[in-house]
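Close look at the chain arrangement
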Amino acid sequence: MILIAAAFALVGWWYRDAQRTRTVLIAGVPALPDDLPRRTDGLARRLKAATDLARRDPEHGSPLAELATLYQANGYATQAETALRALVATDPGEPRWPHRLAVLIGGFGRLDEARGWLQRATSLDPDYAPAWVRLGDTALKLNDLAGATAAYSRALALADAATTPHAELGLARCEASGGNETAAYTRLTALLSHSPDFGPAWSLLARLADQLNHPAEAAAARARSVSRDRFRDVPDPWIDELFDACFDPYQLAVAADLYASASAPLRARELLQRALAIDPEDAAVHRQLGTLLADLGDMNAARRALERATQLAPTEADGWAYLIDVLKRQNDASSLARAVANGLAHNPRSPSLHLERGRLLAAGGDLPHAVEEFETSIQLRPAEPGPYVEVAGLYFKLNRVDEGIARLNAALKAEPGYPVALSTLAFVAIGQRDEDAASHWLEEIARQPRVPPADRAQLIERFRTTFGRQP
């Protein structure tokens, strides 16, 4: 009798627990968004199907997981949070749910909550390095240096190559925030020796070099950071999976840009191809895909993508400029000339296209008309230093030396310290045997870290040969 009673009690407990789970699961099914009819048909169909199934068969957890993924991937934060909270309650052993919930709510500044969920995720899967990095980032934002240091150190100990730069940068930030700038500087120097393209580290290194009174190092680091200083989220497969459920071409394009800048071009290509499968008429995505394919060396595919971009949006000058670059690399002179002409027909005030026409005219020997095109480009975009240098070269060929020098000085006004202008002015001064001017420009070059050391060495040797002494 005791065993029978115990069995009935166990069945009763299981039934009540199942009912509680069912209640939580049903409550975790979000109401369909009001703007759903205006969203992508594919997304609408999947949300409706998953919602119906989750309400009809709540014990089958996969529809709710699909809803959480679809909502988070497509920017429905409220619905995603509702579904994720139900999942962490009913599937407590799965670390993805608290991790994704932490990323979601952390993006809205709810850092204390996010830290709690990240702590839960790391306890469920202590070997997942991205969660430790995110926990460190969150603790650092909350000014918990000890907690941040511990989290970053744990991530570093896992020796995950993708997250190591982020963990090292986090530890450097902790050291700097704790007043140990020297240790932070040393750590960043070591980090950049093996990860030289990690832009955020260059930015912090420049600031620390200023604080430690290393002006030359600060200037060099700042110059390195100019083209690399972009926010780079930690590589995180559990979050990356969301993009495979995203139906927003704009979000996919933004994500693709970040992946491309983080040296993951193949993943960027996948996302752009997904965006075009959703909206084949998006000229901006075709343009972005074309430039990515060109970087990958697939010139034929890049050309097709950029030609499609210019067909869809002929008044977008950037599409023509990127297409022209590809045609140059293919050495297709006739197509290049047509693209320049067609691009200017649709964009008569494009400085970059006038510049390209000037280059074509110069290559064909028509220097006077090439000068006109370069000058038009300058008038349309006077803050760009490159065209000043290019037209200066034509003035020198036309023996209009004073005008060439004036244009080089104008380039320096447009962008002080512009390396090509400095080097050219030094070269011209040496050629004119103007020792004072040559010395002046070499002094300017010595203060400009963007001038390649080899170029500076050649100019110094030319100065020594011409004037019989070192500058």
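Residues numbered from 1 in each chain as written. Predicted model: local features only at pLDDT ≥ 70, side-chain atom pairs only at ≥ 80, totals over all residues. Heavy atoms only, no water.

Broken down by element type, the chain carries 26 helices and zero strands. By the compact-globule yardstick of 23 Å for 471 residues, the chain is too spread out, its C-alpha radius of gyration being 30 Å. Taking all 471 residues of the chain together, 44% fall into the buried category. Averaging the coordinates of the 52 positive side-chain charges in the chain and doing the same for the 60 negative ones gives two points 1 Å apart. (Helix = DSSP H or I, 4+ residues; strand = E, 2+ residues; numbered from the N terminus. Rg over C-alpha atoms; globule rule 2.2 N^0.38 Å. Buried < 20%, exposed > 50% of the residue type's maximum accessible area, 1.4 Å probe, protein only. Lys, Arg positive; Asp, Glu negative; His and termini not counted. Charge placed at Lys NZ, Arg CZ, Asp CG, Glu CD.)

Attention shifts here to the environment of Leu-425. With respect to the element layout, Leu-425 can be found in helix H24 (residues 419–431). Residue Leu-425 is classed as buried on the basis of its relative accessible area, which comes to 4%. Taking the C-alpha atoms as reference, Leu-425 lies 9.5 Å from Gly-404; in sequence the two are 21 residues apart. Once residues lying within four places of it in the same chain are set aside, the contact partners of Leu-425 are Ile-405, Leu-408, Asn-409, Leu-412 and Trp-441. (Contact = heavy atoms within 4.5 Å.)

Taken together, the side chains of Tyr-250, Val-254 and Leu-258 present a nonpolar region at the surface, about 300 Å² in accessible area. Secondary-structure assignment places Val-254 in helix H14 (residues 249–261). (Patch = residues over 30% accessible without salt bridge, like charges linked within 9 Å, V, L, I, M, F, W, Y side chains within 5 Å. Areas by Shrake-Rupley, 256 points an atom, 1.4 Å probe, with all protein chains shown as cover. Salt bridge = Lys/Arg side-chain N within 4 Å of Asp/Glu carboxyl O.)

Our next topic: the packing of aromatic side chains. Applying the stated criterion to the full structure yields four aromatic pairs. Consider the rings of Tyr-71 and Tyr-76, whose centres lie 5.7 Å apart with planes at 85°: the pair is edge-to-face. When its relative accessible area of 0% is taken as the criterion, Tyr-71 is described as buried. Residue Tyr-76 is classed as buried on the basis of its relative accessible area of 7%. For the ring pair Phe-463 and Phe-467, a centre distance of 4.6 Å and an interplane angle of 55° mean the geometry is tilted. Remark: Phe-467 and Phe-463 occur in helix H26 (residues 453–467); sequence separation between them is four residues, near one turn of the helix. (Phe/Tyr/Trp six-rings, centres within 6.5 Å; stacked < 30°, edge-to-face > 60°.)

Before going further, it helps to examine helix H17 (residues 299–312). An ideal rise of 1.5 Å per residue puts 20 Å on 14 residues; H17 measures up with 20 Å between its terminal C-alpha atoms. Turning to H17, its buried residues are Met-299, Ala-301, Ala-302, Arg-303, Ala-305, Leu-306, Ala-309 and Thr-310. (Expected span 1.5 Å × (residues − 1).)

A separate point is the side chain of Asp-332. Mapped onto the fold, Asp-332 is located in the loop between helix H18 (317–329) and helix H19 (333–346). A distance of 2.8 Å separates the side chain of Asp-332 from the side chain of Ser-335, its partner in a polar contact. Ignoring any residue separated from it by four or fewer positions in sequence, one finds Asp-332 in contact with Arg-303 and Leu-327. (Polar contact = N/O pair within 3.5 Å; in protein donor to acceptor, adjacent residues only side chain to side chain.)

Between two packed helices, the angle of one axis relative to the other and the distance separating the axes together describe the packing. At their nearest, the axes of helix H5 (residues 96–106) and helix H6 (residues 111–124) sit 8 Å apart, and the two run at 160° to each other. Judged by the inter-axis angle, H5 sits roughly antiparallel to H6. In the crossing of H5 with H6, the sense of the turn from one axis to the other is left-handed. Taking contact as the criterion, the partners of Pro-98, His-99, Leu-101, Ala-102, Ile-105 and Gly-106 in H5 are, on H6, Leu-111, Glu-113, Ala-114, Trp-117, Leu-118, Arg-120, Ala-121 and Leu-124. (Axes fitted to C-alpha atoms, helices over the stretch in contact; angles between N-to-C directions. Parallel < 35°, antiparallel > 145°, perpendicular 65-115°, else oblique. Left-handed = near helix turned anticlockwise from the far one by under 90°.)

Following both chains from N to C, one finds helix H3 (residues 62–73) and helix H4 (residues 77–90) inclined at 145°, their axes separated by 8 Å at the closest point. For the crossing formed where H3 meets H4, the hand is left-handed. Of the residues in H4, those in contact with Leu-64, Ala-65, Ala-68, Tyr-71 and Gln-72 of H3 are Gln-79, Ala-80, Ala-83, Leu-84, Ala-86 and Leu-87. Class assignment for the residues of the contact of H3 with H4 results in nine nonpolar, two polar and no charged. (Nonpolar A, V, L, I, M, F, W, Y, C, P; charged D, E, K, R; others polar.)

Here we come to the pattern of salt bridges. Under the definition given, this model contains 32 salt bridges. The partner of Asp-240 in a salt bridge is Arg-267, and the shortest N-O contact between them spans 3.0 Å. You can see Asp-240 sitting in helix H13 (residues 237–240) and its partner Arg-267 sitting in helix H15 (residues 265–278), a full 27 residues away along the chain. Of the two residues, Asp-240 and Arg-267, neither departs from the other in class, the shared state being buried. A salt bridge links Glu-356 to Lys-328; its shortest N-O distance comes to 2.8 Å. Remark: Lys-328 occurs in helix H18 and Glu-356 occurs in helix H20 (residues 351–363); sequence separation between them is 28 residues. The exposure class assigned to Glu-356 is buried, which follows from its relative accessible area of 13%. Taking relative accessible area as the criterion, Lys-328 reaches 34% and is therefore assigned partly exposed. Linked by salt bridges that have partners in common, Glu-81, Arg-85, Arg-110 and Glu-113 make up one network.

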